[in-house]
Amino acid sequence: MQRTTTMTSETITADDLAADRIEQLRAVAGLFGFFARCLEEEADANLINLIRGALRQPLAASGLIFDDEFYNVPTESLVETLAEEYTGLFVAPGCVSPYASVVETGCLFKEPADRAVAAYHLAGWDYRHRLSGEFPDHIGTMLGFYATLAQAEAESLTGGDISAADDSKARREEFLLHQLAEWGPGWCHRAAKAALHPFYRSILQMVEQALWSELEQLVDRRQLRTLAELNEREPKRLDYDADFRKASGL
């Protein structure tokens, strides 16, 4: 009788741990999916209404709270204001470019973009841009992929497929360490400092915190210090010859 009770207790504990893990993964997937939506493209009325409504409490519980103006200003006016901010921050000349290739090489669509595509393909996903000028190493796209892998891991655990869950976990951790860790947090920090509107400043600060939080679970303190130093680097800037610019009309 005593042995049976002990076994039952152990089984319940294991089930509870699995349930907690699934809940955590779904939370990570939801949070990083939200980040992806906010950074991949301009905020529209649907996103703003969602943040003001269904997502208000979950985001507040995660530490993301917007000021009263965000909730009270007319939606149409806020959409226009955030569109201007988005363009100035992430699109216009002189912006904080959201592409890994630009941060690492100074140019668009270089080796970091190829690495991102390879990771998407390995996980069974394809990258298809909707507009010209979209590339696979956009910070928003990469955060969205991280969310997708977390969701896939949660679904595999829910279905009892431990092998598939382990595969998603390994891909997720490898993607974070090798494709986001050395530039993503630092990029968020620079973009947050450049942001004029509190909406994007708050979002970017939270993305930075979330990335560091995920990394703290994977690496030791020495590696974290190394990553912190790498993220303090300024984006790569190419030296262009002034005569060439003049002759080419650039």
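Computed from a prediction, not measured in an experiment: that's the story for all the values here. (Residues numbered from 1 in each chain as written. Predicted model: local features only at pLDDT ≥ 70, side-chain atom pairs only at ≥ 80, totals over all residues. Heavy atoms only, no water.)

### Considering the overall build of the protein chain
For clarity, the threshold we go by: Each helix is a run of DSSP H or I of at least 4 residues and each strand a run of E of at least 2, with the numbering of both proceeding from the N terminus. Throughout, a residue-residue contact means that at least one pair of heavy atoms, one from each residue, lies within 4.5 Å.
Along the backbone of the protein chain there are 13 helices and 0 strands. Nonlocal contacts in the protein chain, meaning residues at least 24 apart in sequence, comprise 70% of its contacts between residues at least 6 apart.

### A closer look at the nonpolar core
Here is the rule: Definition of nonpolar core: a set of buried residues of the types Ala, Val, Leu, Ile, Met, Phe, Trp, Tyr and Cys, connected through side-chain atoms within 4.5 Å. Each residue is placed in one exposure class: buried if its accessible area under a 1.4 Å probe, protein chains only, is under 20% of its type's maximum, exposed if it is over 50%, and partly exposed if it falls in between.
In terms of nonpolar packing, the biggest core is built from 63 residues, with Leu143, Trp187 and Tyr200 touching the most fellow members. Considering every element that reaches this core, the biggest residue donor is helix α1 (residues 2–40), with 11 residues. Excluding residues within four positions of it along the chain, Tyr200 makes contact with Cys38, Glu42, Ala43, Leu82, Glu85, Tyr86, Leu89, Phe90 and Ala195.

### Points about helix α7 (residues 111–122)
Owing to its 3.6 residues per turn, the α-helix brings residues three or four apart onto one side. Under the convention used in this document: Expected span of a helix, by definition, is 1.5 Å for each gap between consecutive residues, and there is one gap fewer than residues.
Taking 1.5 Å per residue as the helical rise, α7 with its 12 residues ought to reach 16 Å, and the 16 Å between its terminal C-alpha atoms agrees with that figure. At the exit of α7 stands Gly124, carrying a positive phi of roughly 90 degrees.

### As for the packing of helix α11 (residues 198–216) against helix α12 (residues 221–231)
Going by this rule: Here an angle of 0 to 180 degrees is reported between the N-to-C directions of two axes, which are lines fitted to C-alpha atoms, with helices fitted over the stretch in contact. Any angle from 65 to 115 degrees is called roughly perpendicular, while one under 35 is roughly parallel, one over 145 is roughly antiparallel, and all others are oblique. A crossing counts as left-handed when the near helix is turned anticlockwise from the far one by less than a right angle, and as right-handed when that turn is clockwise. Note on residue classes: Ala, Val, Leu, Ile, Met, Phe, Trp, Tyr, Cys and Pro are nonpolar, Asp, Glu, Lys and Arg are charged, and everything else, Gly too, is polar.
Two elements in contact, α11 and α12, have axes separated by 11 Å at closest approach and are oriented at 150 degrees. In terms of their interaxial angle, α11 and α12 are classed as roughly antiparallel. The handedness of the crossing between α11 and α12 is right-handed. Residues Trp212, Leu215 and Glu216 of α11 touch α12, and the partners they reach there are Leu224, Leu227, Ala228 and Asn231. For the contact of α11 with α12, the residue count by class is 5 nonpolar, 1 polar and 1 charged.

### Side note on the pattern of salt bridges
What counts here: What makes a salt bridge here is a side-chain nitrogen of Lys or Arg within 4 Å of a carboxyl oxygen of Asp or Glu, nothing more.
Tallied over the entire structure, the rule returns 8 salt bridges. Residue Glu153 is joined to Arg21 by a salt bridge in which the shortest nitrogen-to-oxygen separation is 3.4 Å. Pair noted here: Glu153 is in helix α8 (residues 139–158) and Arg21 is in helix α1, with a separation of 132 residues, a long-range link. Owing to a relative accessible area of 3%, Glu153 belongs among the buried residues under this scheme. Classification of Arg21 by relative accessible area gives partly exposed; the value is 26%. Close ionic contact of Glu173 with Lys169 constitutes a salt bridge, the shortest N to O distance being 2.6 Å. A residue pair is termed a helical-turn pair when its members lie 3 or 4 positions apart in one helix, as Glu173 and Lys169 do in helix α9 (residues 162–180) at 4 residues. For Lys169, a relative accessible area of 29% translates into the label partly exposed.

### With respect to the packing of aromatic side chains
Convention followed: Classification of ring pairs uses Phe, Tyr and Trp, with its six-membered ring standing for Trp, and accepts pairs whose centres are within 6.5 Å; under 30 degrees between planes counts as stacked, over 60 as edge-to-face, and the remaining range as tilted. In this scheme, Lys NZ or Arg CZ marks a charge over a ring once it lies within 6 Å of the ring centre and within 35 degrees of the ring normal.
Per the counting criterion, the structure on display carries 18 aromatic pairs. Both rings, one in Phe109 and one in Phe135, keep their centres 5.2 Å apart while their planes meet at 35 degrees; by these two values the pair is tilted. Here Phe109, found in the loop between α6 (100–105) and α7, pairs with Phe135, found in the loop between α7 and α8; they are 26 residues apart in sequence, far enough to count as distant. Using a relative accessible area of 19% as the deciding quantity, one classes Phe135 as buried. Through successive ring pairs, a cluster of aromatic residues spans Phe66, Phe70, Tyr71, Tyr86, Phe90, Trp187, Phe199 and Tyr200. The ring of Phe70 has Arg52 sitting right over it, with the charged end atom 5.6 Å from the ring centre.

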